[in-house]
Amino acid sequence: MNPQALLIFTMSLLLGSSTVISANHWIMAWAGLEINTLSILPLISKTYHPRAVEASTKYFLVQAAASTLLLFSSMTNAWFTGQWDITQLTHPMSCIMLTAAISMKLGLVPFHFWFPEVLQGSSPMTSLLLATAMKFPPTVLLILTSPSLNYTLLSLMAIASTALGGWMGLNQTQIRKILAFSSISHLGWMTIILIYNPKLTLITFYLYSLMTAAIFFTISIINTLKLSTVMTAWTKIPSLTAMLMLTLLSLAGLPPLTGFLPKWLIIQELTKQELTVTATTMALLSLLGLFFYLRLAYCATITLPPNSTNHMKHWQTNKSVNMPAAVLTMLSIMLLPLSPMIMTTP
């Protein structure tokens, strides 16, 4: 892609996200979401491949429907209450429509159908943007309106997302689809705690984005997009694939890695709120995700192809992503000691 065009689209993404995060009025938030959607579409379809065009078309249709529903929700609330302020969403029907609209934006069950297909049709770096940066503005809107939302509906969607993200990831062979279902599962963890502790939702989102970025940078360096090619990556860069295994286990939530922190805090908060059954259900459903993370880690580091490869080890790789990959991987593994500081932050 032309560097000037790439710069324009990147700056538009930053503008759209900043507009949504700083907005008080529903029209401004809607405009920021639209800027984001229009900015990411050329990045999805830049590879000139039929699958990329299909992904960009699906993404546009779903995001346009979600934006329409969000605008209709805010207009309904303004019609009945006279309020356009984001934090003043009080009409019950508006709250339900907003929950559906944000769920479509994020890819929560039952509006998840578009997300794995769009990620599969995008390049690794665009997939990273879709799985992390593009989900931040809708998450902020969800947090701002959380006092007005229906907890029963959110809980059902969260448990369904965690369950489906785990089940559907079990039989996938494409890494981008595995990470898409991983994203859906983590969204369930973020949503289940939204009403009781929005700060935990943000912490979970930040740490999930950190670990997902580390994995996407790593697969971009070793140039693998499916399990069958991951098996040959060990002979290319052994040290990097070993770190990839630790990052995947961190994403699965195993102690003493960073990914254990949000799951631990969420289960602790749910137990404090006397939601022991919900906490137990979420913990058991996370075992499904653990299985396919372990399978991916096993393929990346332990499985060797039956025939030896004839190429030299790649000790020098794409230098433009080496440093971000190294920093993100270390943060994805070693942040758990900061948990006392996070827990004591007001």
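Residues numbered from 1 in each chain as written. Predicted model: local features only at pLDDT ≥ 70, side-chain atom pairs only at ≥ 80, totals over all residues. Heavy atoms only, no water.

Identification of the protein chain as NADH-ubiquinone oxidoreductase chain 2 from Mionectes oleagineus is taken from an unreviewed UniProt entry. According to the UniProt record, the Function (unreviewed entry) comment for the protein chain reads "Core subunit of the mitochondrial membrane respiratory chain NADH dehydrogenase (Complex I) which catalyzes electron transfer from NADH through the respiratory chain, using ubiquinone as an electron acceptor. Essential for the catalytic activity and assembly of complex I." (UniProt positions renumbered as here; feature names shortened; annotations may be inferred.)

A. Structural context of the overall build of the protein chain. Regarding its fold elements, the protein chain presents 16 helices and zero strands. Taken against the 2.2 N^0.38 rule, which gives 20 Å for 346 residues, the C-alpha radius of gyration of the protein chain at 20 Å falls within 12% of a compact globule. Counting all 346 residues of the protein chain, 54% fall into the buried class. Pairs at least 24 apart in sequence give 78% of the contacts found in the protein chain among residues at least 6 apart. (Helix = DSSP H or I, 4+ residues; strand = E, 2+ residues; numbered from the N terminus. Rg over C-alpha atoms; globule rule 2.2 N^0.38 Å. Buried < 20%, exposed > 50% of the residue type's maximum accessible area, 1.4 Å probe, protein only. Contact = heavy atoms within 4.5 Å.)

B. Representation of the packing of aromatic side chains within the structure. In this structure the tally under the stated criterion is eight aromatic pairs. Over the aromatic face of phenylalanine 115 sits the side chain of lysine 135, whose NZ or CZ is 3.7 Å from the ring centroid. Stacked on the ring of tryptophan 189, the Lys or Arg lysine 263 has its end atom at 5.3 Å from the ring centre. (Phe/Tyr/Trp six-rings, centres within 6.5 Å; stacked < 30°, edge-to-face > 60°. Lys NZ or Arg CZ within 6 Å of the ring centre and 35° of its normal.)

C. Fine view of the UniProt feature "signal peptide" (unreviewed entry) in the protein chain. Per the UniProt annotation, the sites labelled "signal peptide" (unreviewed entry) are residues 1–23. Helix makes up 87% of residues 1–23 and strand 0%, and the two end C-alpha atoms of the span are 31 Å apart.

D. Expanded view of the side chain of glutamine 120. Structurally, the position occupied by glutamine 120 is in helix α5 (residues 114–120). If near-sequence neighbours (up to four positions away) are discounted, glutamine 120 is found in contact with Arg51, Gln174, Arg176 and Lys177.

E. Quick look at the UniProt feature "transmembrane region" (unreviewed entry) in the protein chain. In the numbering used here, UniProt assigns the feature "transmembrane region" (unreviewed entry) to residues 60–80, 92–115, 151–171, 178–197, 203–225, 237–257, 277–300 and 321–343. Structurally, residues 60–80 comprises 100% helix and 0% strand, and the distance from its first C-alpha atom to its last is 30 Å.

F. Spotlight on the packing of helix α3 (residues 50–81) against helix α4 (residues 92–106). Between α3 and α4, whose axes approach to 8 Å, the crossing angle comes to 160 degrees. With respect to α4, the element α3 is oriented roughly antiparallel. As α3 packs across α4, the resulting crossing turns out to be left-handed. For the pair formed by α3 and α4, the contact residues are Val62, Gln63, Ala65, Ala66, Ser67, Leu69, Leu70, Phe72, Ser73, Thr76 and Asn77 on the first element and Ser94, Met97, Leu98, Ala100, Ala101, Ile102, Met104 and Lys105 on the second. (Axes fitted to C-alpha atoms, helices over the stretch in contact; angles between N-to-C directions. Parallel < 35°, antiparallel > 145°, perpendicular 65-115°, else oblique. Left-handed = near helix turned anticlockwise from the far one by under 90°.)

G. Examining helix α12 (residues 238–252) more closely. Given a rise of 1.5 Å per residue, 15 residues ought to cover 21 Å, and the 21 Å separating the end C-alpha atoms of α12 matches this to within 8%. For α12, the full list of buried residues reads Pro238, Leu240, Thr241, Leu244, Thr247, Leu248, Leu249, Ser250, Leu251 and Ala252. Downstream of α12 by a residue or two, glycine 253 has a phi angle that is positive, lying close to 95 degrees. (Expected span 1.5 Å × (residues − 1).)

H. Geometry of the domain arrangement of the protein chain. For the protein chain, the domain assignment lists domain 1 (1–122) and domain 2 (150–345). Distance from the C-alpha centre of domain 1 to the C-alpha centre of domain 2: 25 Å. Of the roughly 1400 Å² buried between domain 1 and domain 2 on both sides combined, carbon and sulfur atoms contribute 72%. Three residues, Leu108, Val109 and Gln120, lead the burial of domain 1 against domain 2; their summed loss comes to 39% of the area buried on that side. Among the ionic pairs, glutamate 117 bridges to lysine 177, the shortest N-O distance being 3.4 Å. Joining domain 1 to domain 2, the criterion identifies five residue pairs in polar contact (both at pLDDT 80 or more). At the level of elements, α4 and α5 are the ones that each hand at least two residues to the side of domain 1 that touches domain 2. Sort the elements by how many residues they give to the side of domain 1 that touches domain 2 and α5 lands first, with five residues. Considering only residue class, the side of domain 1 that touches domain 2 consists of eight nonpolar, six polar and one charged. (Domains from an automatic or database assignment. Buried area = accessible area lost by both parts, 1.4 Å probe. Salt bridge = Lys/Arg side-chain N within 4 Å of Asp/Glu carboxyl O. Polar contact = N/O pair within 3.5 Å; in protein donor to acceptor, adjacent residues only side chain to side chain. Nonpolar A, V, L, I, M, F, W, Y, C, P; charged D, E, K, R; others polar.)

I. Geometry of the confidence of the model for the protein chain. The predicted model of the protein chain averages 89 in pLDDT, with 93% of residues at 70 or higher. Looking over the protein chain, one finds the lowest element-wise mean pLDDT in helix α16 (residues 339–344), namely 71, and the highest in helix α2 (residues 26–44), namely 95. (pLDDT = per-residue confidence, 0-100.)

J. Structural context of the side chain of threonine 76. Among the secondary structure elements, threonine 76 is positioned in helix α3. Discounting residues that sit within four places of it in the chain, threonine 76 has contacts with His91, Ser94 and Met97.

K. Seen up close, empty space enclosed by the protein. For the structure shown, the criterion picks out five cavities of 30 Å³ or more. As a volume, the largest cavity reaches approximately 70 Å³. Where the lining of the largest cavity is concerned, the elements lending two or more residues are α9 (175–192), α12 and α14 (276–301). No other element matches α14, which puts five residues into the lining of the largest cavity. Split into classes, the residues belonging to the lining of the largest cavity amount to six nonpolar, four polar and one charged. Approximately 50 Å³ is the volume found for the second largest cavity. Leu33, Asn36, Thr37, Tyr59, Gln63, Lys105, Met134 and Pro138 are the residues that line the second largest cavity. (1 Å grid on protein atoms, 1.4 Å probe; cavity = no way out; pocket = protein on both sides within 12 Å on 5 of 7 lines; lining within 4 Å. Points joined across faces, edges and corners; volume = space filled by probe spheres on them.)

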